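Structure at a glance
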Amino acid sequence: MPHMSSKDAITPLRAAEWALAGSLLLILLSLFVIAKIQARQCSKGTDSIPIVLVMIQITGFVEHPGVFEIARGTSLEEVLRKAKPKRFANLRGLDLRSPLSHSMELTIEPLQSLRVQIQGAVEKSELIEVVPGTRICHLKQIISLADSADLRFFKKRRLLSDGDVIDVPSSF
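In what follows, the accompanying structure is described. (Residues numbered from 1 in each chain as written. Predicted model: local features only at pLDDT ≥ 70, side-chain atom pairs only at ≥ 80, totals over all residues. Heavy atoms only, no water.)

**Considering the side chain of Asp 150**
Cut-off, in case you're wondering: Elements are defined by DSSP. Helices are runs of H or I of four residues or more, strands are runs of E of two residues or more, and each kind is numbered from the N terminus. Residue burial is assigned from relative accessible area. The probe radius is 1.4 Å, only protein chains are included, and a residue is buried under 20% of its type maximum, exposed over 50%, and partly exposed in between.
With respect to the helices and strands, Asp 150 occurs in the loop between strand E5 (126-130) and strand E6 (165-168). Overall, the relative accessible area of 13% leaves Asp 150 in the buried class.

**Regarding the pattern of salt bridges**
What counts, and what does not: We define a salt bridge as a side-chain nitrogen of Lys or Arg found within 4 Å of a carboxyl oxygen belonging to Asp or Glu.
All chains considered together, the criterion is met by 4 salt bridges. For the salt bridge of Asp 150 with Arg 152, the shortest nitrogen-to-oxygen distance reads 3.0 Å. Arg 152 gets classed as exposed once you look at its relative accessible area, which sits at 58%. Two residues, Arg 158 and Asp 164, come together in a salt bridge whose shortest N-O distance is 3.2 Å.

**Some points on the sheet that holds strand E2 (residues 66-71)**
Applied cut-off: One requirement defines pairing of two strands: DSSP has to find at least two bridges between them. Interaxial angle, 0 to 180 degrees, is taken between N-to-C directions of lines fitted to C-alpha atoms, where a helix line uses only the stretch in contact.
Strands sit in the order E2-E1-E3 across an open sheet of 3 strands; the sheet is mixed. The sheet is open, and its two borders are formed by E2 and strand E3 (104-108), each paired with just one other strand. Across the sheet, the axes of successive neighbouring strands diverge by a mean angle of 25 degrees, strand direction being ignored. As defined by bridge partners, strand E1 (residues 53-60) adjoins E3 across 5 bridges and the pair is classed as parallel.

**Some points on the pairing of E6**
Consecutive side chains along a regular strand alternate between the two faces of the sheet. Going residue by residue along E6, you find Ile 166 and Val 168 tucked away on one face and Val 165 and Asp 167 left uncovered on the opposite face. Relative to E6, strand E4 (residues 114-120) is paired through 4 bridges, and the arrangement is parallel. When the sheet's bridge partners are listed, Gln 117 is paired in E6 with Val 165.

**Regarding the pairing of E2**
When E1 meets E2, the two strands line up antiparallel, connected through 6 bridges. By the bridge assignment for E2, Gln 57 is matched with Val 67. If you look at the hairpin formed by E1 and E2, you'll find 5 residues sitting between the two strands.

**So, the nonpolar core**
Rules: Residues grouped as a nonpolar core are buried Ala, Val, Leu, Ile, Met, Phe, Trp, Tyr and Cys residues, joined through side-chain atoms within 4.5 Å. We call two residues in contact when some of their heavy atoms are within 4.5 Å.
Membership of the largest hydrophobic core comes to 19 residues, with the highest contact counts inside it found for Ile 118, Ile 143, Ile 166 and Val 168. If you list the elements that add at least two residues to this core, you get E4, E5 and E6. The element that contributes the greatest number of residues to this core is E4, accounting for 3 residues. The contact partners of Ile 166, leaving out residues within four places of it in the chain, are Val 116, Gln 117, Ile 118, Gln 119, Ile 136, Leu 139, Phe 153, Arg 158 and Leu 160.

**Some details on the sheet that holds E4**
If you walk across this open sheet you meet the 3 strands as E5-E4-E6, and the pairing is mixed. Two strands in the sheet have a free side with no partner beyond their single neighbour: E5 and E6. Adjacent strand axes in the sheet meet at a mean angle of 35 degrees, parallel and antiparallel pairs treated alike. Sheet analysis places E4 next to E5, joined by 5 bridges and oriented antiparallel. Residue pairing across strands places Leu 114 opposite Val 130, the latter belonging to E5.

Structure, rendered in structure tokens:
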């Protein structure tokens with residue numbers, strides 16, 4: 001192995017290289033300081049805003065009735081998700097997006113009828129009411145079909161839901 005002279009040793013950094021290394025170090029230090037400041041501001045923000053809880057009691061036609069302790073401002077929809085309304089629960093008169101501001105009791109009733117919009121290959125587009133549990137195949141006896149209606153559509157056994165829009169297809 002050849003012997004290295006002092007000229008072959010690691011050369012000292014030039015001024016431009018020192019400036020580059022210093023700049024990178026300064027950038028890293030700045031990012032660290034910014035992160036610390038933001039962490040402190042976030043922790044101050046959560047301490048200064050107290051969370052006010054409200055109690056919502058949900059009973060009736062739901063899978064999980066009970067008392068739900070939630071933060072004020074939570075939407076009724078979020079609370080109902082926890083209570084899990086049953087398939088034919090009557091949610092018609094409820095403003096699901098409204099923020100809750102105070103404790104309350106809510107009783108969910110079952111629907112007595114479903115509102116279904118019928119359109120397409122029918123004699124007249126209309127809003128009809130049917131009993132819960134009605135299926136698409138039952139509609140054939142209830143509505144007046146146009147001559148062009150595709151009767152194969154009524155072989156479907158899907159349960160209707162409140163607010164469904166049924167578009168009866170034409171056979172052409």
